[in-house]
Amino acid sequence: PFPRARPVRLPCPSITAQGTPSSMSTATPDDDTTPTTAKTQSAATLTDRLPLDGITLLGTVVAGEASRALIRLGNGRVQHLRLGDRIGDATLAAIEPGLIHLTRKGEAQRLAMP
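Residues numbered from 1 in each chain as written. Predicted model: local features only at pLDDT ≥ 70, side-chain atom pairs only at ≥ 80, totals over all residues. Heavy atoms only, no water.

### Some points on the overall build of the protein chain
Next, step 1: A tally of helices and strands in the protein chain yields 1 helix and 9 strands.
Next, step 2: In sequence order, the protein chain lays out its α and β elements as β-β-α-β-β-β-β-β-β-β.
Next, step 3: Taken over 114 residues, the protein chain has a buried fraction of 18%.
Next, step 4: Sequence-distant contacts in the protein chain: of pairs separated by 6 or more residues, those separated by 24 or more amount to 19%.
Next, step 5: By element, 54% of the accessible surface of the protein chain is carried by carbon and sulfur atoms, the whole surface being about 8,700 Å². (Helix = DSSP H or I, 4+ residues; strand = E, 2+ residues; numbered from the N terminus. Buried < 20%, exposed > 50% of the residue type's maximum accessible area, 1.4 Å probe, protein only. Contact = heavy atoms within 4.5 Å. Areas by Shrake-Rupley, 256 points an atom, 1.4 Å probe, with all protein chains shown as cover.)

Here you go:
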């Protein structure tokens, strides 16, 4: 009547340099990642979708004072921000789902996800 226990090691395909699955390998309990197939990577990768100049909002997590924002700067660097953090001469004033509010020289500005 009880379900059988799962094995400790589950087989998962490994990916070769060419992006094709190779022979089955066994994931170790310390390995918490799953190999990404070429098909999945291709479907998840969009080209020419984000502006390459200026600041781009990549994502937000709204959790009261623990809220976070993830941005990409014009130089390609990615930063995790919290309320009150500075971005150049602007200060992160508020975080909403898909939107951050900045104050710069007394003016309120908004940055939304593309």
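### Structural notes on the pattern of salt bridges
Next, step 1: Under the defined criterion, the tally for this structure stands at 2 salt bridges.
Next, step 2: Residue Arg104 pairs with Asp89 through a salt bridge whose shortest N-O separation is 2.8 Å. Taken together, the residues span a long stretch of sequence, with Arg104 in strand S8 (residues 99-104) and Asp89 in the loop between strand S6 (86-87) and strand S7 (90-96) at a distance of 15 residues.
Next, step 3: Assessed through its relative accessible area of 35%, Asp89 is described here as partly exposed.
Next, step 4: The residue Asp89 makes a salt bridge to Lys105 at a minimum N-O spacing of 4.0 Å. A residue pair is termed long-range when its members are at least 10 positions apart, and Asp89 in the loop between S6 and S7 and Lys105 in the loop between S8 and strand S9 (107-112) qualify at 16 residues.
Next, step 5: The exposed category is assigned to Lys105, whose relative accessible area is 74%.
Next, step 6: Several salt bridges converge on common partners, so that one network encompasses Asp89, Arg104 and Lys105. (Salt bridge = Lys/Arg side-chain N within 4 Å of Asp/Glu carboxyl O.)

### Looking at the sheet that holds S7
Next, step 1: Strands sit in the order S6-S7-S8-S9 across an open sheet of 4 strands; the sheet is antiparallel. Bordering the open sheet on either side are S6 and S9, each of which pairs with just one other strand. (Pairing = 2+ DSSP bridges.)

### Thoughts on the nonpolar core
Next, step 1: One finds Leu57, Ala69, Ile71, Leu73, Leu81, Ile87, Ala90, Leu92, Ile95, Ile100 and Leu102 forming the largest nonpolar core, which totals 11 residues.
Next, step 2: Secondary structure elements with two or more residues in this core: strand S4 (68-72), S7 and S8.
Next, step 3: Examining the composition of this core, we find that 3 residues originate from one element, S7, more than from any other. (Core = buried A, V, L, I, M, F, W, Y, C linked by side-chain atoms within 4.5 Å.)

### Topic: the environment of Glu107
Next, step 1: Structurally, the position occupied by Glu107 is in strand S9.
Next, step 2: Linking Glu107 and Ala90, residues 17 residues apart in sequence, is a C-alpha distance of 9.3 Å.

### A closer look at the environment of Leu81
Next, step 1: Considering the arrangement of structural elements, one finds Leu81 in strand S5 (residues 78-82).
Next, step 2: If we skip the residues at most four places from it in the chain, Leu81 touches Ser67, Arg68, Ala69, Ile71, Ile87, Leu92 and Ile95.

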